[in-house]
Amino acid sequence: MDEVYFFLAFLLLLSIVVGLGRVFAGPTPADRILAVQLAGTGRVAVLLVLARAANLGTLLDVVLVYALLAAVTQIAFVKIYSSAPPAPGNETDD
Amino acid sequence: MISDWFGIACTVVGVVFFFGGSIGLLRFPDFYTRLHALTKADNLGLGFVVLAGMVQADSWAVALKLLLIWFLVLVSSSTAAHLMAKSELSKGTPPWAKP
């Protein structure tokens with residue numbers, strides 16, 4: 001039963017790595033911070049599944065700290081980014 | 001026994017939502033649509049993983065701690081999504097329209 005959870009945690013990690021491609025390809029910094037946000041929530045999910053797989057209750061406290069850090073990161077980025085001038089490559093082409 | 005299968009099923013659904021969120025982040029044409037994909041992965045994907053954890057939890061304290069984690073991520077990610085969308089809109093980025 002635990003091997004299934006370890007495999008699901010690996011799949012979640014894979015989805016984070018796939019989503020990080022947006023960090024390279026995003027035209028604006030806002031797209032890059034979206035990928036970092038996905039990685040943040042993905043971290044929370046991976047640790048939750050690992051806490052079930054390895055039966056470690058202490059990982060839940062680590063997850064709380066990660067969730068708070070993700071929120072603080074996002075607010076800090078918005079504060080810095082919203083006062084910066086618009087990026088030159090800001091048209092919406094793919 | 002049945003809680004084991006329910007836990008695995010809920011985690012699989014959560015993984016599916018996370019994959020949908022990250023693939024949507026790659027494939028969508030515009031910042032606002034990517035934000036939409038991201039928040040679905042945040043809320044629903046994490047919600048299903050937390051539901052699986054709550055069903056499999058040993059005690060009520062662990063289950064309530066999981067619920068608290070999910071509420072924290074919900075509130076912070078939805079606030080952050082609104083902030084990002086508002087700051088991008090105030091910079092004048094037009095939403096993607098079908099050409």
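The model shown is predicted, which means the values in this text are computed figures rather than measured ones. Each chain carries its own residue numbering, running from 1 in the direction its sequence is written. Labels follow written order: the first chain is A, the first ligand is 1, and so on. Reporting in this predicted model follows two pLDDT cut-offs: at least 70 for local features of residues, and 80 or more for side-chain atom pairs to be given and counted; totals over whole chains, interfaces and linings ignore these cut-offs and use all residues. Side-chain figures throughout are based on the complete set of non-hydrogen atoms in the structure, without hydrogens or water.

A. Highlighting the overall build of chain A. The helix and strand inventory of chain A stands at 4 helices and 0 strands. Moving toward the C terminus, one meets the helices and strands of chain A in the order α-α-α-α. Here chain A, with 94 residues, has 44% of them falling under the buried criterion. The criterion used for residue contact is that any of the two residues' heavy atoms lie within 4.5 Å. Sequence-distant contacts, at least 24 apart, represent 56% of the contacts inside chain A between residues at least 6 apart. Method for areas: the Shrake-Rupley scheme with a 1.4 Å probe, in which residue coverage is limited to the protein chains shown. Element-wise, carbon and sulfur atoms account for 72% of the exposed surface of chain A, whose accessible area totals about 4800 Å². Put simply, DSSP marks the helices as runs of H or I at least four residues long and the strands as runs of E at least two long, and each gets a number from the N terminus on. Exposed residues in this analysis have more than 50% of their type's maximum accessible area, buried residues have under 20%, and partly exposed residues fall in between, with area computed by a 1.4 Å probe over protein chains only.

B. Looking closely at helix α4 (residues 59-82) of chain A. Helix span, as expected, comes to 1.5 Å for every residue beyond the first. Its 24 residues place the ends of α4 of chain A 35 Å apart at the C-alpha level, agreeing with the 34 Å of an ideal helix rising 1.5 Å per residue. Those residues of α4 of chain A that sit buried are L59, L60, V63, A67, A70, A71, Q74, F77, V78 and Y81 of chain A. As for α4 of chain A, its buried residues are in contact with α3 (29-53) of chain A together with α3 (60-90) of chain B.

C. Quick peek at the packing of aromatic side chains. All names here are of chain B. Only Phe, Tyr and Trp rings are paired, with Trp represented by its six-membered ring, and only when their centres lie within 6.5 Å; those with planes under 30 degrees apart are stacked, over 60 edge-to-face, the remainder tilted. Applying the stated criterion across every chain, the model contains 3 aromatic pairs over all chains. Between the aromatic rings of F17 and F48, the centroid separation amounts to 5.9 Å while the plane-to-plane angle is 10°, which identifies the pairing as stacked. Residue F17 is located in helix α1 (residues 2-27), and its partner F48 is located in helix α2 (residues 31-55); the two are separated by 31 residues in the primary sequence. Residue classification places F17 among the partly exposed residues on the basis of a relative accessible area of 29%. When the ring of W70 is compared with that of F71, the centres are 5.6 Å apart and the planes differ by 35°; the resulting orientation is tilted. The partly exposed category is assigned to F71, whose relative accessible area is 44%.

D. Quick peek at the interface of chain A and chain B. Between chain A and chain B, the residue contacts involve 47 residues of the former and 43 residues of the latter. Buried area is a sum: the accessible area each of two parts loses on coming together, probed at 1.4 Å, counted once for each and added. Regarding the contact of chain A and chain B, the summed buried area is about 3900 Å², with carbon and sulfur atoms giving 75% of it. When a carboxyl oxygen of Asp or Glu lies within 4 Å of a side-chain nitrogen of Lys or Arg, that pair is called a salt bridge. R34 of chain B is the partner of D31 of chain A in a salt bridge, and the nearest nitrogen-oxygen pair spans 2.7 Å. Polar contacts here mean pairs of N or O atoms no more than 3.5 Å apart (in protein, one a potential hydrogen donor and the other a potential acceptor; neighbouring residues in sequence count only if both atoms are side-chain atoms). Where chain A packs against chain B, one counts 8 residue pairs in polar contact (both at pLDDT 80 or more).

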